[in-house]
Amino acid sequence: MRLKLPDRAAFERLVASGADIAATPAASPRSSGDASPLVDVVVTGAALKTLQSQGARVVQVIARAGDGTANFRASKAAAAARTAAGLTAQKGGSRTTAAADATGADTLHFLQSYWWTSKGQTFVQVEVATTAVQDPDVEIQVQWETADGQTGTFPLQRFVDADEYQYHVALPQAVPSKPVKLVATSSLGGTATQAPKAWPGTTAPPAPSGYQQDFISAYMTPTDIQQRLRRLARQYPELVELVDLPNKTNGYRRTAVGYVGDPAAAAIVVETKAFGSAGGNGIQVKTVAGTGANRPLAATFRDRVLTITLATGADGTVVSTTDEVAAFVAAKFPTRFTAFVEDGSAGKVMPVMSPVRLDDGLTASGLSRPWQVQALRIGTHRDGSKPGVLIYSQEHAREWATPLVTLEFAERMLANAKTDAETKALLDSVDVFVLPVTNPDGANYSFNDYNFQRKNLDNFCTGAARDPKNRNRWGVDVNRNYTVGSVFDGYVGASTDCLSTVAAGTGELSEAESSNVISLAKNHSNIRYAMNVHSYGGYFMWPPGAYSLPGRITLPRPDAEQSAAFLASAKRIVGAISTTRGTVTWPSNTGPVADVLYSAAGNSADQLYYEFGIYAWDFEVGNDLWNATTQQWEGVGFQPPYDEAHAESQEYAAGLVELVRVARDDAADEPTTTRREAK
Ligand SMILES: [Zn+2]
């Protein structure tokens, strides 16, 4: 859902509650008037009702549970039909402490002002800072003027993050043609004037005739992708090799579990120690009353049936409580079972139950093995002598478009190497690592069980949090499990709660998935550039990606030279993305993660940048689409109808090709494979 919240405090409550926030379109400002924070959030019906009762308003239903499955099936069916037919400026650091002057007037500064044209519609976007940083009621209006004298105005909203005033900003505004002059006016009397610049102001070289592209025909599961990687390795042996990453994942596997009793009245949860696929599934549990008076609590496990004989009192009736039964089972069968009391059942007498079957709740039992994660290494010289580029996707399971982007990129590089001189030259000078599915177990769960799954399948909950009603909330957020600026170091935007959507795990690099990404950086010291591909929202970001509170202290900001390099490269890559279908990543969504999206403690790009000295970027593919009828921006979601995902794969693959050109050009300026000094 895209929600409009009543105020900034509501947004901060939402974050603090551990809500599953997917995007924050154009920051999340608090302001007077009707300008209120927008947020894309994954919510249950009950949670939505609560939010609505607190003043939230639904702006857009982006996707419903199950939509992903329908879009997946439709994409596969369409692919099959085609086959059958025989077709083959640094932000956030600009805060100023100057107060309004004695007369009460403030001073305004344009931090950014840009215009661009996308699909025939021209837009303008600005960020303006007032010196009256403490005054929450300052209102700023911007008047635009085109070359032929048309004018119009729009309001900005005050953007505060972690109690620190950042600037005033608005969503990109549709204007009739290129604006030549912008005048910002504050309610305190300050004004500023600027001629906006073209954004991003760069275009990529056009693809040469005969350039091959469009290698994606449907959404792809981890199994589909594994087959594609093997095929590419067979087809282009001189240019590519498969790299087995050192850490197998736990696998698409869970323990078997069941409620013994009535969860609404009195019940315990019994869970096998073994995975369901390794014998846990199908084990049965039953309770029987002891025969006669004063019988002790007892249990046997025979022929895959756990029989619990409940204790009786002097009058022969059952006296065992849920707590006693759960503790007894766990103590008597420590290698076979664990058990705990269902919420609300503590102290109640355990009911007599006919056999209950334990189950892992997974629908795709054929996928149960630990997963060998694989990357492609692409280049003419794969010996560490050329600068390396690491491109990885689907850390988050539900982001189905992201491996399509990285696979399309990989196949473009391989297929065109023989026929396109520039592609050949790129592969002669750069060593590219492509890891399409970082989190295959979570991806399998997302495709087969719960399409909004974000995390991996490693359940580190203990006790009652292992209740199967929480099954869609278990797992570790792979992109919060890294070592720099982590929640364990006191940074914001991750959680040690195992049920949180941004659960960081039991410790830094506790997970196979994150350890695999770092192993690539560690084992290949020539890697100097990295791109972490996520969805959705249309962002282009770099470090710092986290801050600590109080005071919103970010990880160290890149120095002026590196900040300039990040921004200059970003403009080239944003320009290349725009050539496919005119998608322009907004200036307000281009910059450090901590400034343009949110604080993400323990994310991978921060470790790659600060520990290894790698220029580490993040994409959020899937830009908002402009609805000309409603004059609104609309979110695309994690699993859009396939045509949209396909378009994202094509445009962002072009961006990745431009990233490789950036690496090539940078290395030509500085012919060494040594990384920059890590911060
Ligand atoms: Zn993500």
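One numbering rule holds for all chains: residues counted from 1, following each sequence as written. Residue-level local features of this predicted model are given only where pLDDT is at least 70; pairs of side-chain atoms are given and counted only at 80 or more, and the full residue set underlies all totals for whole chains, interfaces and linings. By convention in this description, side-chain values take in all heavy atoms of the structure and omit both hydrogens and water.

- Named according to an unreviewed UniProt entry, the protein chain is Peptidase M14 domain-containing protein originating from Terracoccus luteus.
- Taken verbatim from the UniProt record of the protein chain, the Cofactor (unreviewed entry) comment is "Zn(2+)". UniProt positions are given in the numbering used here, feature names are shortened, and annotations may be inferred rather than shown by experiment.

1. So, the overall build of the protein chain
(1) Moving on: Here a helix means four or more residues in a row that DSSP labels H or I, a strand means two or more in a row labelled E, and each is numbered from the N terminus. Along the backbone of the protein chain there are 13 helices and 33 strands.
(2) Moving on: Here the globule rule reads 2.2 Å times residues to the power 0.38, and the radius of gyration is calculated from C-alpha atoms. Computed over the C-alpha atoms, the radius of gyration of the protein chain is 28 Å, within 12% of the 26 Å expected from 2.2 N^0.38 for a compact globule of 679 residues.
(3) Moving on: Its C-alpha atoms give the protein chain principal-axis dimensions of about 95 × 70 × 50 Å.
(4) Moving on: When burial is assessed residue by residue, the protein chain has 58% of its 679 residues classed as buried.
(5) Moving on: Residue exposure ignores everything except the shown protein chains as possible cover, and the areas themselves are Shrake-Rupley values with a 1.4 Å probe. In the form shown here, the protein chain has an accessible surface area of approximately 25,500 Å², with 51% of it arising from carbon and sulfur atoms. When accessible area is computed with a 1.4 Å probe and restricted to protein chains, residues below 20% of their type maximum are described as buried, those above 50% as exposed, and intermediate ones as partly exposed.

2. Thoughts on the pattern of salt bridges
(1) Moving on: What counts as a salt bridge is simple: a side-chain nitrogen of Lys or Arg found within 4 Å of a carboxyl oxygen of Asp or Glu. Per the counting criterion, the structure on display carries 27 salt bridges.
(2) Moving on: Residue Lys469 pairs with Asp343 through a salt bridge whose shortest N-O separation is 3.2 Å. Taken together, the residues span a long stretch of sequence, with Lys469 in the loop between helix H8 (440-448) and helix H9 (512-523) and Asp343 in the loop between strand S21 (337-341) and strand S22 (353-357) at a distance of 126 residues.
(3) Moving on: You can call Asp343 exposed: its relative accessible area is 52%.
(4) Moving on: A salt bridge links Arg412 to Glu408, with the nearest nitrogen and oxygen atoms 2.7 Å apart. A residue pair is termed a helical-turn pair when its members lie 3 or 4 positions apart in one helix, as Arg412 and Glu408 do in helix H6 (residues 401-416) at four residues.
(5) Moving on: What makes Glu408 buried here is its relative accessible area of 0%.
(6) Moving on: Through salt bridges with shared partners, one network takes in Glu422, Arg572, Glu658, Arg661, Arg664 and Asp665.

3. A closer look at the coordination of the zinc ion
(1) Moving on: Within the first shell, the zinc ion binds the protein through His396 (ND1), Glu399 (OE), Glu399 (OE) and His534 (ND1), at distances of 2.0 to 2.6 Å.
(2) Moving on: Donors, by definition, are the N, O and S atoms found within 2.8 Å of a metal, the threshold being 3.2 Å for Na, K and Ca, and water is not counted, so a site can look incomplete. Under the classification used here, a metal with four donors is tetrahedral if each angle lies between 85 and 135 degrees, square planar if opposite donors are over 155 degrees apart and the others between 65 and 115, a six-donor metal meeting that same test is octahedral, and anything else is irregular. Here the zinc ion binds four donor atoms, and the angle range of 54 to 137 degrees at the metal identifies the geometry as irregular.
(3) Moving on: On the primary sequence, the residues serving as donors to the zinc ion are separated as H-x2-E-x134-H. Residues His396 and Glu399 agree in their burial class; the two are buried.

4. What to know about helix H10 (residues 560-581)
(1) Moving on: Here a helix's expected span is defined as the number of its residues, less one, multiplied by 1.5 Å. With 22 residues, H10 should cover 32 Å at 1.5 Å per step; its first-to-last C-alpha distance of 33 Å lies within 8% of that length.
(2) Moving on: Within H10, burial applies to Gln562, Ser563, Phe566, Leu567, Ser569, Ala570, Ile573, Val574, Gly575, Ala576, Ile577 and Ser578.
(3) Moving on: Looking at the buried residues of H10, the elements they touch are strand S27 (539-542), strand S30 (590-592), helix H12 (604-612), strand S31 (615-623) and helix H13 (642-669).
(4) Moving on: At the exit of H10 stands Gly582, carrying a positive phi of roughly 80 degrees. Contact definition: two residues touch when any of their heavy atoms are within 4.5 Å.

5. Some details on the nonpolar core
(1) Moving on: Counting 105 residues, the largest nonpolar core has Phe409, Leu608 and Phe619 as the members making the most contacts within it.
(2) Moving on: Broken down by element, this core gets its largest block of residues, ten residues, from H13.
(3) Moving on: Residue ranges labeled as domains rest on an automatic or database domain assignment. Both of domain 2 (108-198) and domain 3 (222-250 + 366-676) provide at least three residues apiece to this core.
(4) Moving on: In this structure Phe619 touches Met531, Asn532, Val533, His534, Tyr539, Phe540, Ile573, Ile577, Tyr652, Gly655 and Leu656, once residues within four positions along its chain are discounted.
(5) Moving on: Core analysis: the second largest hydrophobic core is formed by 21 residues, Ala256, Ile268, Ala326 and Leu358 among them. Residues grouped as a nonpolar core are buried Ala, Val, Leu, Ile, Met, Phe, Trp, Tyr and Cys residues, joined through side-chain atoms within 4.5 Å.

6. Concerning the UniProt feature "domain: Peptidase M14" (unreviewed entry) in the protein chain
(1) Moving on: Mapped onto this numbering, the UniProt entry annotates "domain: Peptidase M14" (unreviewed entry) at residues 333-663.
(2) Moving on: As annotated, residues 333-663 has a helix share of 31% and a strand share of 19%, and its two end C-alpha atoms lie 58 Å apart.

7. Let's talk about the packing of aromatic side chains
(1) Moving on: To pair, rings of Phe, Tyr and Trp, with the six-membered ring standing in for Trp, must have centres within 6.5 Å; the planes then decide the type, stacked if under 30 degrees apart, edge-to-face if over 60, and tilted in the middle. All chains considered together, the criterion is met by 27 aromatic pairs.
(2) Moving on: Grouped by ring-pair contacts, the aromatic residues Tyr529, Phe540, Trp542, Phe566, Tyr609, Tyr610, Tyr615, Trp617, Phe619 and Tyr652 constitute a single cluster.
(3) Moving on: Stacked on the ring of Tyr445, the Lys or Arg Arg254 has its end atom at 4.5 Å from the ring centre. Only Lys NZ and Arg CZ are tested; either one counts as a charge over a ring when it is within 6 Å of the ring centre and within 35 degrees of the ring normal.

8. Details of the domain arrangement of the protein chain
(1) Moving on: Parsing the protein chain into structural domains produces domain 1 (2-62), domain 2 (108-198), domain 3 (222-250 + 366-676) and domain 4 (255-358).
(2) Moving on: Each of domain 1 and domain 2 was reduced to a C-alpha centroid, and the two centroids are 24 Å apart.

9. Quick look at H8
(1) Moving on: Summarising burial for H8: eight of the nine residues are buried, a large majority.
(2) Moving on: The complete set of buried residues in H8 reads Pro440, Asp441, Gly442, Ala443, Asn444, Tyr445, Ser446 and Phe447.

10. A short note on the UniProt feature "active site" (unreviewed entry) in the protein chain
(1) Moving on: The sites that UniProt annotates as "active site" (unreviewed entry) are Glu620.
(2) Moving on: Topologically, Glu620 is positioned in strand S31.
(3) Moving on: For Glu620, a relative accessible area of 9% gives the class buried.
(4) Moving on: Dropping the residues within four chain positions of it, Glu620 is found in contact with His534, Ser535, Tyr536, Gly537, Gly538, Tyr539, Met541, Leu597 and Tyr652.
(5) Moving on: Of note is the side chain of Glu620, whose polar atom sits 3.3 Å from the backbone nitrogen of Ser535. Nitrogen and oxygen atoms within 3.5 Å of one another constitute a polar contact, given that in protein one can donate a hydrogen and the other can accept it, and given that sequence-neighbouring residues count only through two side-chain atoms.

11. With respect to the packing of helix H4 (residues 222-235) against H6
(1) Moving on: At a minimum axis separation of 12 Å, H4 and H6 run at an interaxial angle of 10 degrees. One way to sum up the angle between H4 and H6 is to call them roughly parallel. Mapping the contact onto sequence places Ile225, Arg228, Leu229, Arg231 and Leu232 in H4 and Pro403, Leu407, Glu411 and Leu414 in H6.
(2) Moving on: For this scheme, ten residues count as nonpolar: Ala, Val, Leu, Ile, Met, Phe, Trp, Tyr, Cys and Pro. Four count as charged, namely Asp, Glu, Lys and Arg, and the remainder, Gly too, count as polar. Taken together, the residues that form the contact of H4 with H6 break down as six nonpolar, no polar and three charged. Angles shown run from 0 to 180 degrees and are taken between the N-to-C directions of axes, each axis being a line fitted to C-alpha atoms and, for helices, limited to the stretch in contact. Working rule for angles: under 35 degrees goes down as roughly parallel, over 145 as roughly antiparallel, 65 to 115 as roughly perpendicular, anything else as oblique.

12. A word on the sheet that holds strand S16 (residues 255-261)
(1) Moving on: If you trace the three strands from one edge of the open sheet to the other, you get S16-S17-S21, paired in antiparallel fashion. Strand pairing shows two members of the sheet lacking a second neighbour, S16 and S21, which therefore form its edges. Shown here is a sheet whose adjacent strand axes are inclined to one another by a mean of 20 degrees, direction ignored.
(2) Moving on: Of the pairings in the sheet, the one linking S16 to strand S17 (residues 267-275) comprises six bridges and is antiparallel in character. When the sheet's bridge partners are listed, Tyr259 is paired in S17 with Val269. At least two bridges found by DSSP between two strands is the condition for calling them paired.

13. Focus: the sheet that holds strand S25 (residues 431-435)
(1) Moving on: Strand order in the open sheet formed by eight strands is S15-S23-S25-S24-S26-S31-S27-S30, and the pairing between neighbours is mixed. Of all strands in the sheet, those with a lone pairing partner are strand S15 (240-244) and S30, marking the two edges. Neighbouring strand axes in the sheet, compared pairwise and without regard to direction, differ in orientation by 20 degrees on average.
(2) Moving on: Taken together, the three bridges between S27 and S31 define a ladder with antiparallel strand orientation.

14. A closer look at the packing of H6 against H13
(1) Moving on: Their axes nearest at 7 Å, the elements H6 and H13 cross at an angle of 50 degrees. Considered as vectors, H6 and H13 are oriented oblique to each other. Crossing angle aside, the handedness with which H6 passes H13 is right-handed. The segment H6 lies against H13, with Ala401, Leu404, Val405, Thr406, Glu408, Phe409, Arg412 and Met413 engaging Tyr642, Ala645, Glu648, Ser649, Gln650, Tyr652, Ala653, Ala654, Leu656, Val657 and Val660.
(2) Moving on: Considered class by class, the residues forming the contact of H6 with H13 number 13 nonpolar, three polar and three charged. Handedness of a crossing is defined here by the sense of rotation of the near helix relative to the far one, left-handed for an anticlockwise turn of less than a right angle and right-handed for a clockwise turn.

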